[in-house]
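# Residue-level structure breakdown
As a plain string of letters, each chain reads:
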Amino acid sequence: LPDESFVGRALPTSGPYQVGREKIREFATAIGDSSPLSHDVDAARAAGHPDLVAPPTFSTTFAMPVIEGFLKDPDFGWDYTRMVHGDQRIVFSRPIFAGDELFTTLHVDTLSTRAGSHFLTLRCEVATAAEEPVATFTGLLVTQA
Amino acid sequence: MSVQPGSVVKGLELPPLELHLTRADLVRYAGASGDLNPIHWSDRIATGAGLPGVIAHGMLTLGAAGRIVTDWVGDSTRVRSYGARFTRPDLRRRKWLLPPCVRMTMPVPVTRKRLAVAL
């Protein structure tokens, strides 16, 4: 059984994650996003941005490893092998650009069991070194009880 | 293309998007995102988990489907929030699907200063 004492806790902050131009291009290509803002630095700057624009779901590249690290911690007791993604929400305080250095803090918000499944809500708060908020990445994960 | 203020009315439907996802797309996304869960690339692991075969990453579906919105607004930095509920696969009923082609349109409710797009 997952350890309920983790609920309400925040894990140590991870980072910095350096947002790179090539990672933005690679990720945009992988989701079929051909926007010049995510591929062409000149186009991004012409549109008033400091550098390449990360697609809205880009934060999964650095948030999911933090989440996986927690879920694979045997002290928590989560069955990672049978996990599915129930829902996901990303709220932006500002866009993510190439050159950003980002820090991610994982919060364990809720854990419940019903209808033979465990439901876990995890929230990643993404911020800069100056603690400027960037994004909140909240997901519901489900595994068999 | 960029959406113009005043051209948006409640109930507007955005142009449909068809996704044709191949195994190569899933492998590319696995590498780009770092999500290496083998149910997305290994038939042996996927069928062992009760699936008919490999399934797409939920975040790949979300990212690719979101192009309906980001292509429409023209600049993804105008997106303030983004979300999805993944209704399949269902863990209990064991109905797992990877449609070879997904066709989606999005009706758009509009509030005074913001718009929300529902799939």
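Structure: see above.
Here we summarise the structure given alongside this text. (Residues numbered from 1 in each chain as written. Chains lettered and ligands numbered in written order. Predicted model: local features only at pLDDT ≥ 70, side-chain atom pairs only at ≥ 80, totals over all residues. Heavy atoms only, no water.)

Contact residues are listed per partner, giving 30 residues for chain B and 35 residues for chain A. Of the roughly 2800 Å² buried at the junction of chain B and chain A (both faces included), carbon and sulfur atoms supply 58%. For the pair chain B and chain A, the number of links is zero salt bridges. Connecting chain B to chain A are eight residue pairs in polar contact (both at pLDDT 80 or more). Elements that contribute at least two residues to the side of chain B that touches chain A include exactly helix 1 (23–33), helix 3 (58–65), helix 4 (67–73) and strand 2 (81–85) of chain B. Among the residues forming the side of chain B that touches chain A, the class breakdown is 13 nonpolar, nine polar and eight charged. (Contact = heavy atoms within 4.5 Å. Buried area = accessible area lost by both parts, 1.4 Å probe. Salt bridge = Lys/Arg side-chain N within 4 Å of Asp/Glu carboxyl O. Polar contact = N/O pair within 3.5 Å; in protein donor to acceptor, adjacent residues only side chain to side chain. Helix = DSSP H or I, 4+ residues; strand = E, 2+ residues; numbered from the N terminus. Nonpolar A, V, L, I, M, F, W, Y, C, P; charged D, E, K, R; others polar.)

The next point concerns the environment of Ala30(B). All names here are of chain B. Secondary-structure assignment places Ala30 in helix 1. A sequence separation of 32 residues divides Ala30 from Leu62, and the C-alpha atoms of the two residues are 14 Å apart. Setting aside chain neighbours within four positions, we find Ala30 in contact with Asp35, Leu36 and His57.

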